[in-house]
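So you can see what is in the structure, the chains are spelled out below.
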Amino acid sequence: MSASDPSCIFCKIVEGKIPSRKVYEDDEMLAFHDINPWAPVHFLMVPKEHIASMAQVEDRHQALLGRMMALAPRLALQEGCRPYPQGGFRIVTNTGAEGGQEVQHLHVHVMGGPRPWAKG
Ligand code: AMP
Ligand code: ZN
């Protein structure tokens, strides 16, 4: 059902062709640890469908993106972020070259944990 791009590294992770440290999975999305973390907690949430970036999001993706945003706080706590307001987390989605996007499959970075962080 989900469109996949055979040359896309995150599609390969979704399909299990490249290993990942999984945080969460359901029919429509996958969350896994970033291989090069900027923060003590750093995982990525991706739709299983190959959507290149936020710039390609369509109305039909509204529910999925809403579910990702609603799930992020729970996964952040599960992965070790301390509760709001002393703890918390950062959500980032880089989009396009000038947005700093390196992997062309929509992903939400969720970062948190004690300061200082490696970046950001
Ligand atoms: P961006 O610059 O927003 O496109 O971020 C891409 C992120 O994907 C970077 O933080 C990378 O460390 C991460 N990344 C790249 N390859 C992998 C991989 N095989 N497993 C987990 N994370 C990855
Ligand atoms: Zn992809």
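Residues numbered from 1 in each chain as written. Chains lettered and ligands numbered in written order. Predicted model: local features only at pLDDT ≥ 70, side-chain atom pairs only at ≥ 80, totals over all residues. Heavy atoms only, no water.

1. Focus on the side chain of His-105
Then step 1. You can see His-105 is positioned in the loop between β4 (89-92) and β5 (108-112).
Then step 2. Apart from residues lying up to four places away in sequence, His-105 is in contact with Cys-8, Phe-10, Cys-11, Val-46, Pro-47, Lys-48, Glu-49, His-50, Ile-51 and Ala-52. (Helix = DSSP H or I, 4+ residues; strand = E, 2+ residues; numbered from the N terminus. Contact = heavy atoms within 4.5 Å.)

2. Section: the sheet that holds strand β1 (residues 22-25)
Then step 1. Read from one edge to the other, the open sheet built from five strands follows the order β1-β2-β3-β5-β4, with strand pairing classed as antiparallel. Since the sheet does not close on itself, it has two edges, and those belong to β1 and β4, each with one partner. In this sheet, neighbouring strand axes are inclined to one another by 15° on average, regardless of whether the strands run parallel or antiparallel.
Then step 2. Pairing of strand β2 (residues 29-33) with strand β3 (residues 41-47), which is carried by five bridges, proceeds in the antiparallel orientation. Following the sheet pairing, Phe-32 is matched in β3 by Leu-44.
Then step 3. Together, β1, β2, β3, β4 and β5 form the strand contacts of helix α2 (residues 62-78), whose direction differs from that of β3 by roughly 155°. (Pairing = 2+ DSSP bridges. Axes fitted to C-alpha atoms, helices over the stretch in contact; angles between N-to-C directions.)

3. Looking at the coordination of the zinc ion (ligand 2)
Then step 1. Within the protein, Cys-8 (SG), Cys-11 (SG), His-50 (ND1) and His-105 (ND1) serve as the donor atoms for the zinc ion (ligand 2), at 2.0 to 2.3 Å.
Then step 2. Read from N- to C-terminus, the donor residues coordinating the zinc ion (ligand 2) fall into the pattern C-x2-C-x38-H-x54-H. Taken as a pair, Cys-8 in the segment before α1 (9-14) and His-105 in the loop between β4 and β5 lie far apart in primary sequence, 97 residues in all.
Then step 3. Overall, Cys-8 belongs to the buried group, its relative accessible area being 7%. (Donors = N, O, S within 2.8 Å, 3.2 Å for Na, K, Ca; no water. Buried < 20%, exposed > 50% of the residue type's maximum accessible area, 1.4 Å probe, protein only.)

4. Focus on the environment of Trp-38
Then step 1. Examined against the element boundaries, Trp-38 turns out to sit in the loop between β2 and β3.
Then step 2. With a relative accessible area of 25%, Trp-38 lands in the partly exposed category.
Then step 3. Considering only alpha carbons, one finds Trp-38 and Gln-101, 63 residues apart in sequence, at a separation of 15 Å.

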